[in-house]
Amino acid sequence: MKRERKLFRNIIIISALLYVFYYFGGYYISKEQCIKETMRSLYVKEDNVIMEIQNDNAIRTLVVDDNVSSLSVIGTKKVGPFYHTASCSTGMKMKDDENFSIYSSYDSANGLTSFVYRNNKGVAYIELTLDNGTTTVLDDWHEDFAGAIVDTDDIYGIYRAYDENDVLIEEKE
């Protein structure tokens, strides 16, 4: 009987600790709630979720404002059944005078995260070639945005924009 009593007490203590950890540790059951609370805590005014890309447990969500003049990238990490805020970038201004704009970030756990916005509707796809030879094609457009997470330590490369006839439109480093 004494053993059952200790087991019950330990289960109660562990449950209480897990609840405190969940409540005060910034963990969420819902990914959407995690993103919403992260944006609120960072004073982000953007509220249109455009797209999300995922690499293992790392999730990057692209959010823009109503005028599509600035964007934010909200990072979320999945830990078991919970979601937790990861690295974020906010308030990046859109450039309207170029064929495409690049928004990249690097973190050692997940690699290079790159989002591209096309101002020129003639851009069919963008090819990212890193200095180590890794090539990634960004062609899955969501409201003129495309993105990818490349698991690499190399952060330098060349972005080449092509039209539907595979003609080079612009190249950026």
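Residues numbered from 1 in each chain as written. Predicted model: local features only at pLDDT ≥ 70, side-chain atom pairs only at ≥ 80, totals over all residues. Heavy atoms only, no water.

## Details of helix H1 (residues 2–24)
And step 1. In this model H1 runs 33 Å from its N-terminal to its C-terminal C-alpha over 23 residues, within 8% of the 33 Å that 1.5 Å per residue would give.
And step 2. The first or second residue beyond H1 is Gly26, which carries a positive phi of 80°. (Helix = DSSP H or I, 4+ residues; strand = E, 2+ residues; numbered from the N terminus. Expected span 1.5 Å × (residues − 1).)

## Re the pairing of strand S3 (residues 58–64)
Two faces make up the sheet, and in a regular strand the side chains alternate between them.
And step 1. Of all 7 residues that make up S3, 7 are buried, and the element is covered over most of its length.
And step 2. Note that strand S2 (residues 48–55) and S3 share 7 bridges and pair antiparallel. What sits directly across from Ile53, in S3, is Arg60.
And step 3. The loop that links S2 with its antiparallel partner S3 comprises 2 residues; one of these, Asp56, has a positive phi angle of about 55°. (Buried < 20%, exposed > 50% of the residue type's maximum accessible area, 1.4 Å probe, protein only. Pairing = 2+ DSSP bridges.)

## Observations regarding the state of the cysteines
Two cysteines joined by a covalent bond between their sulfur atoms form a disulfide.
And step 1. Considering all chains together, one arrives at 0 disulfides under this definition.
And step 2. Its sulfur unpaired, Cys34 is 8.3 Å from the next cysteine sulfur, which belongs to Cys88.
And step 3. With relative accessibility at 28%, the residue Cys88 sits in the partly exposed group. (Disulfide = S-S within 2.5 Å.)

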